[in-house]
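# Chain and residue survey
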Amino acid sequence: MCRLIFFCLLSCTALCQTYRAGTTNQINLNFKVGKSLKFNTKLESRQILSQKEIDKSPSHRFQYERTDLTLLLTTKLSVNNTIGGGYMIRLEENTYYHRIIQQFNNVRKFEWFSVAHRVLADETFTNHGLSNFRINYRIGIQKPLNGQYIDPKEFYAKVNNDFLGTWSRGESDFEIGILPALGYTATANNKIELGVDYRVNELKKNGIAQQFWVTLGWFISI
Amino acid sequence: MISLNLWIAKFKTVIANKHFLYPFFFLLVALHCTPCLGQKKYEREYTVKADSVPDSAALFVSRLFNNSKVHWYMEESDTTKSIEAKLKHSGKHYSIEFDESGQIQDIEILINIRDLEKNTRSKIKDNLNATFKRQKIIKTQLQWVGSENSLERAVLANMPLEGIIVKYEIVVRGQTENVEAYFEVLFDSTGRIESTMEIALANDDNLIY
């Protein structure tokens, strides 16, 4: 299955001027802190399997790109709304990046599906100071594939649409992503998602940059 | 970019020099090794095919709603099983509930709260205001309970006839003393509350993070 997806992705990227393709894996663990707080830890790593830079030949070899560790504390403002903040540390090419995160979520369950909105702002720092500032809006739709509710041992479909603005030392960029995924609820507190993350950015330049990631996520709640 | 082996070697070197990271990695490993302790009551709802529901249930639905597309669901809890048919007929959304043997339990029809008679509506709202600090009506269903014959006649007449007990099942987003949640509130025909049940929301962590 993964090979088939990659074959399609690589075929699509053959004509691109700039692209990166690979895999993203994450373990996402959540547990309650007291009555109203929730603590989220996320460990995510990304590997590049194929890439092409402008005016260069494509390279098809495995390269480890980065690892992120995110720690978020959230609280419910109301039954549908959540607010939170946290910290992420990233190790990439022997450099540490530190990110401060603020986020707001709205999740609503309708008769047949759920809709989630997320507005997130973050500031990234390196040892040399502020590296960039980003604002991200994500809308997600999730639908059970059997019945009206996602019960244990059932599959579901999820599609996220991501819009990301980045400002960095006088430069700005805009990125759009679409992330379809197939999920499986193993137990009420364990979900696994396999999907694709397709992104385009550098829209203002002559050739847009594209990213294709096969994503694997494991969500655990305690 | 660097190769995997080189990256691992460099990672070890960097970690060795960055002692402040130890608590993070310890926390991460500890948390990710913690077993899942929460055991919830097993309840499940899933789609079933029309040919696997009891004949009596299938016949009742096909007799009254012959041109409608019917979605069948099985609902299981630790102790009971029930079958539900959901369909749209003459512009109305119906939910028809049967027990496991196909015996009809009730018929629910989706309505707007404004469709209720004024006195009943104001009594329902008064009772909701007395129960919750703040509340918003999300969904209103008319519930008819009665024998199979009575329910059949009521559906054909498009109104409750003799032998039908009318109730109102209302989903509200309400705030009690401690918490805001969704509740299913059942009212009798006069607008008096019969039962209030908090609706357990599904885990949506994968939509938030």
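The numbering scheme is per chain: residues are counted from 1 as the chain's sequence reads. Naming scheme: in the order in which they are written, chains are lettered from A and ligands are numbered from 1. Only residues with pLDDT of 70 or above have their local features reported here, since the model is predicted, and side-chain atom pairs are shown and tallied only from 80 upward, although totals for entire chains, interfaces and linings are computed over all residues. Heavy atoms throughout the structure, all of them, feed into the side-chain values; hydrogens and water do not.

## Let's talk about the overall build of chain A
- By definition, any uninterrupted DSSP run of H or I lasting at least four residues is a helix, any uninterrupted run of E lasting at least two residues is a strand, and each is numbered from the N terminus. Counting its secondary structure elements, chain A contains one helix and 11 strands.
- Along the chain direction, N to C, the helices and strands of chain A fall in the order α-β-β-β-β-β-β-β-β-β-β-β.
- Relative to its full complement of 222 residues, chain A shows a buried share of 53%.
- Taking as baseline every contact in chain A between residues at least 6 positions apart, the subset at least 24 positions apart corresponds to 46%.
- Surface exposure of chain A reaches about 10,900 Å², of which carbon and sulfur atoms provide 63%. Relative accessibility under 20% of the residue-type maximum defines a buried residue, over 50% an exposed one, and the middle range a partly exposed one, all with a 1.4 Å probe and only protein chains included. Pairs of residues are marked as contacts when any of their non-hydrogen atoms sit within 4.5 Å. Working definition of accessibility: Shrake-Rupley area with a 1.4 Å probe, residue cover restricted to the visible protein chains.

## Some points on the overall build of chain B
- When you go through chain B residue by residue, the secondary structure sums to six helices and nine strands.
- By the burial criterion, 39% of the 209 residues in chain B qualify as buried.
- A separation threshold of at least 6 residues defines the contact pool for chain B, and within that pool the share at least 24 residues apart is 46%.
- As displayed, chain B has an accessible area near 12,200 Å², and 52% of this comes from carbon and sulfur atoms.

## With respect to helix H3 (residues 55-64) of chain B
Residue and element names in this part refer to chain B.
- Buried residues of H3: Ala57, Phe60, Val61 and Leu64, and no others. The arc that holds every buried residue of H3, seen down its axis, measures 90°, which confines them to one face.
- Of the surrounding secondary structure, the elements contacted by the buried residues of H3 are strand E2 (70-76), strand E3 (81-89), strand E4 (92-99), strand E5 (104-111) and helix H5 (148-157). Relevant arc is that of directions from the helix axis to the C-beta atoms, nothing else.

## Regarding the side chain of A:Gln211
All names here are of chain A.
- With respect to the helices and strands, the residue Gln211 is situated in strand E11 (residues 209-221).
- Gln211 gets classed as buried once you look at its relative accessible area, which sits at 6%.
- Polar contacts, as used here, are pairs of N or O atoms within 3.5 Å; protein pairs need one atom able to donate a hydrogen and one able to accept it. Residues neighboring in sequence count only if both atoms are side-chain atoms. A distance of 2.9 Å separates a polar atom in the side chain of Gln211 from a polar atom in the side chain of Trp213.
- If we skip the residues at most four places from it in the chain, Gln211 touches Arg20, Arg46, Glu175, Asp197, Tyr198, Arg199 and Asn201.

## Observations regarding the pattern of salt bridges
- What makes a salt bridge here is a side-chain nitrogen of Lys or Arg within 4 Å of a carboxyl oxygen of Asp or Glu, nothing more. Here the structure, examined in full by the defined rule, presents 20 salt bridges over all chains.
- Put simply, A:Asp68 and A:Arg66 hold a salt bridge, and the shortest N to O gap is 4.0 Å.
- A:Asp68 sits in the buried class, given a relative accessible area of 4%.
- A residue is classified by how much of its surface remains accessible, and A:Arg66, at 13% relative accessible area, is buried.
- The partner of A:Glu111 in a salt bridge is B:Lys139, with the nearest N and O atoms 3.4 Å apart. With A:Glu111 in the loop between strand E5 (95-109) and strand E6 (114-126) and B:Lys139 in strand E6 (residues 134-145), this pair bridges two chains.
- Judged by relative accessible area, which is 34%, A:Glu111 ranks as partly exposed.
- Linked through salt bridges whose partners overlap, the residues forming this network are A:Asp162, A:Glu175, A:Asp197 and A:Arg199.

## Side note on the sheet that holds strand E10 (residues 190-201) of chain A
Residue and element names in this part refer to chain A.
- Strands qualify as paired when DSSP identifies two bridges or more between them. Within the closed barrel, the 11 strands sit side by side as E1-E2-E3-E4-E5-E6-E7-E8-E9-E10-E11. Their pairing is mixed. Sheet twist, expressed as the average angle between the axes of neighbouring strands with direction ignored, equals 20°.
- With 12 bridges connecting them, strand E2 (residues 37-52) and strand E3 (residues 63-76) associate as antiparallel partners. Residue pairing across strands places Glu44 opposite Asp68, the latter belonging to E3. To define axes, lines are fitted to C-alpha atoms, for helices over the stretch in contact only, and angles between the resulting N-to-C directions are given on a 0 to 180 degree scale.

## Description of H5(B)
All names here are of chain B.
- Residues of H5 that are buried include every one of Ser150, Leu151, Glu152, Ala154 and Val155, and no others.
- Considering only its buried residues, H5 is in contact with H3, E5 and E6.
- Positive backbone phi, approximately 60°, marks Asn158, located one or two places after H5.

## Points about the sheet that holds E6(B)
Residues and elements named next belong to chain B.
- With antiparallel pairing, nine strands are arranged side by side in an open sheet as E1-E2-E3-E4-E5-E6-E7-E8-E9. Edge strands, defined here as strands with exactly one partner in the open sheet, are strand E1 (44-48) and strand E9 (193-198). Adjacent strand axes in the sheet meet at a mean angle of 25°, parallel and antiparallel pairs treated alike.
- The pairing of E5 with E6 spans five bridges and is antiparallel.

## Some points on the side chain of A:Arg118
- Take A:Arg118: it is sitting in strand E6.
- Two residue types count as positive, namely Lys and Arg, and two as negative, namely Asp and Glu; His and chain ends fall outside the count. In this structure, A:Arg118 is buried with no salt-bridge partner, the nearest side chain bearing the opposite charge being A:Asp162 at 4.6 Å.
- There is a polar contact of 2.7 Å between the side chain of A:Arg118 and the side chain of A:Asn136.
- Here A:Arg118 is in contact with A:Gln103, A:Phe104, A:Asn105, A:Asn136, A:Tyr137, A:Arg138, B:Ile208 and B:Tyr209, once residues within four sequence places are set aside.

## Topic: the nonpolar core
- Throughout, nonpolar core names a set of buried Ala, Val, Leu, Ile, Met, Phe, Trp, Tyr and Cys residues whose side chains join them through atoms within 4.5 Å. Membership of the largest hydrophobic core comes to 39 residues, with the highest contact counts inside it found for B:Phe60, B:Val61, B:Trp72, B:Ile96, B:Phe98, B:Ile107 and B:Trp144.
- Boundary definitions for the domains trace back to an automatic or database domain assignment. Residues lining this core come from more than one domain, with at least three contributed by each of domain 1 (40-102) and domain 2 (104-201) of chain B.
- With near-sequence residues (within four places) excluded, B:Ile107 lies in contact with B:Phe60, B:Tyr94, B:Ser95, B:Ile96, B:Leu142, B:Gln143, B:Trp144, B:Leu151 and B:Val155.
- Core analysis: the next-biggest nonpolar cluster, separate from the first, contains 10 residues, A:Phe39, A:Leu91, A:Tyr96 and A:Ile220 among them.

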